[in-house]
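Architecture and fold: a report
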Amino acid sequence: MIGGCILLLSLGALLEFFVSYCRTQLASSARVRLTEHVLGIAGTKEGHIAAGEFGALVRLSCLCPGTSSRGNDVAAVRVYYRLLNFAGVAPRSIFPALRAWVDGERTKCAHFAGVILDRQIAYSRRMIAEQLSASL
Amino acid sequence: MHGPLDYFLWFGSAVLQAAAVVCSLRAKCFFKFFFLNFYLVAACLATALRYLIFVHYGLASTQYFYNYYYSDLLLTICLYLALSGLFVHVFKEMGASKHIRLGAVLVLIATAGVSFLIVRHAQGDLTDANNLHGAKFVYELTQNLYFVGAVLTYLLWFAVLKLHQMHTRVVQIILALGVYFSAFAASYAFAGISPYSWLWRGVCYVAALWLPIAWGYAFLKVPAEAKLMTAQIAPGHS
């Protein structure tokens, strides 16, 4: 009985800590404006990337050459995005507030992925420019 | 018997702990987060010691058994000290560091006392010559310290949320520690309910990898001066 209570409390705390950790990652990228290049890739010009673009943007950033520790950046947020997708299964008519919150968080995840892709593209361009200047 | 995956995870966690210390040295914050780094170094050394004893005496030996549980307790106490160091870090502007240290020692003594009573109640007199009682006390105390650690990290997190803004690095370190403590507390509780399940051991391995990765990331990638509005990450904020 006590073991079951400790298990439930610990799992609840684990979920809250993990969600908050991911939200600190998202908060640090929220103020970053995306370049038109990335907005074009995501198929939008309004400055907001659709929530469903998260996976495609992460895959694209993985295709960029070079390394800037994107794995560490994205891994936790990717798990968070999957958790949100799981929570997003809840019917909108029964849990309207939850669904609205989940949609907002998924959009933040997509923006975060856009920032990572932007950073990767800039890094790749810089690397190519350095190689070109070195070969000339 | 250990498989290749066990060895990989065993040494992987030690390598990551060493890497996290290197990250803090590179970010020039080793002494700022001294107790955290002390724990990482101690965990690395404990892994090396366990491996030496494992090679010389084997996994089923009494030496390995005692070394594993006693070193685990010492590491948990180190982590508990690291947590109290984070409390001091958050509350240093209030000048409450002396009270926090005293409180941390009292909570540690109280947890040890409760663990002693639990084991004595379950097993009879602890002063028996049977050393297994001592090992059971060590196991009980480690388990309870993880739970107390999770509760204290939750209180610290609650206090951080009450502040207007906080350094992003400190926030990430606290939250990573919270994930670690609560994952271990949950795995210990699950082990009590279902001792033969592989799930609780897997959670321990993943949590052991998680902490040095998250701390190393916070040391190296999060700028020292970066601050975060705590309202942005509060549970109710959208």
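First things first, this report covers the structure right here in the doc. (Residues numbered from 1 in each chain as written. Chains lettered and ligands numbered in written order. Predicted model: local features only at pLDDT ≥ 70, side-chain atom pairs only at ≥ 80, totals over all residues. Heavy atoms only, no water.)

**Section: the nonpolar core**
Residue and element names in this part refer to chain B. Ranked by size, the top nonpolar core spans 96 residues in total, and within it Tyr39, Tyr180, Trp210, Leu211, Trp215 and Phe219 carry the most contacts. The leading source of residues in this core is helix α6 (residues 168-193), at 13 residues. Filtering out sequence-adjacent residues up to four positions away, Phe219 remains in contact with Ala20, Cys23, Ser24, Ala27, Cys29, Phe33, Leu36, Asn37, Leu40, Arg169 and Ile173. (Core = buried A, V, L, I, M, F, W, Y, C linked by side-chain atoms within 4.5 Å. Buried < 20%, exposed > 50% of the residue type's maximum accessible area, 1.4 Å probe, protein only. Helix = DSSP H or I, 4+ residues; strand = E, 2+ residues; numbered from the N terminus. Contact = heavy atoms within 4.5 Å.)

**Focus on the packing of helix α1 (residues 4-26) of chain B against helix α7 (residues 199-221) of chain B**
Residue and element names in this part refer to chain B. Where α1 contacts α7, the axes come no closer than 8 Å and their chain directions differ by 20 degrees. As far as their axial angle goes, α7 and α1 are roughly parallel. By crossing handedness, the relation of α1 to α7 is classed as left-handed. Along the contact surface, α1 presents Asp6, Leu9, Gly12, Ser13, Leu16, Gln17, Ala20, Cys23, Ser24 and Arg26, while α7 presents Arg201, Tyr205, Ala208, Leu209, Pro212, Ile213, Gly216, Phe219 and Leu220. (Axes fitted to C-alpha atoms, helices over the stretch in contact; angles between N-to-C directions. Parallel < 35°, antiparallel > 145°, perpendicular 65-115°, else oblique. Left-handed = near helix turned anticlockwise from the far one by under 90°.)

**Considering the pattern of salt bridges**
This model, assessed by the stated rule, comprises three salt bridges over all chains. Note that Arg50 of chain B is salt-bridged to Asp72 of chain B, the shortest N-O span being 3.9 Å. In this pair, Arg50 of chain B sits in helix α2 (residues 34-57) while Asp72 of chain B sits in helix α3 (residues 62-91), placing the two residues 22 residues apart along the sequence. In this pair, the class of Arg50 of chain B matches that of Asp72 of chain B, namely buried. The structure contains a network of salt bridges with shared partners spanning Arg23, Glu105 and Lys108 of chain A. (Salt bridge = Lys/Arg side-chain N within 4 Å of Asp/Glu carboxyl O.)

**Quick word on the packing of α1 of chain B against α2 of chain B**
Residue and element names in this part refer to chain B. Packing of α1 against α2 leaves a shortest axis separation of 9 Å and a crossing angle of 150 degrees. In this view, α1 runs roughly antiparallel relative to α2, as classed from their interaxial angle. Where α1 crosses over α2, the handedness of that crossing is left-handed. Of the residues in α2, those touching α1 at Tyr7, Trp10, Phe11, Ala14, Gln17, Ala18, Ala20, Val21 and Ser24 are Asn37, Leu40, Val41, Ala43, Cys44, Thr47, Arg50, Tyr51 and Phe54. Along the lines of polarity and charge, the residues of the contact of α1 with α2 split into 13 nonpolar, four polar and one charged. (Nonpolar A, V, L, I, M, F, W, Y, C, P; charged D, E, K, R; others polar.)

**Focus: a nonpolar patch on the surface**
Residues Phe31, Phe34, Phe35, Phe38 and Leu81 of chain B make up a contiguous nonpolar surface patch of roughly 500 Å² in combined accessible area. Within the element layout of this structure, Leu81 of chain B appears in helix α3. (Patch = residues over 30% accessible without salt bridge, like charges linked within 9 Å, V, L, I, M, F, W, Y side chains within 5 Å. Areas by Shrake-Rupley, 256 points an atom, 1.4 Å probe, with all protein chains shown as cover.)

**Concerning the packing of aromatic side chains**
Residue and element names in this part refer to chain B. By the definition in use, this model includes 35 aromatic pairs over all chains. Relative to Tyr139, the ring of Tyr69 lies with its centre 5.9 Å away and its plane at 75 degrees, an arrangement referred to as edge-to-face. A residue pair is termed long-range when its members are at least 10 positions apart, and Tyr69 in helix α3 and Tyr139 in helix α5 (residues 132-162) qualify at 70 residues. Residue classification places Tyr139 among the partly exposed positions, given a relative accessible area of 27%. Ring plane angle 70 degrees and centroid distance 5.5 Å describe the contact between Tyr139 and Tyr188, whose orientation is recorded as edge-to-face. Here Tyr139 is found in helix α5, whereas its partner Tyr188 is found in helix α6, with 49 residues between them in sequence. (Phe/Tyr/Trp six-rings, centres within 6.5 Å; stacked < 30°, edge-to-face > 60°.)

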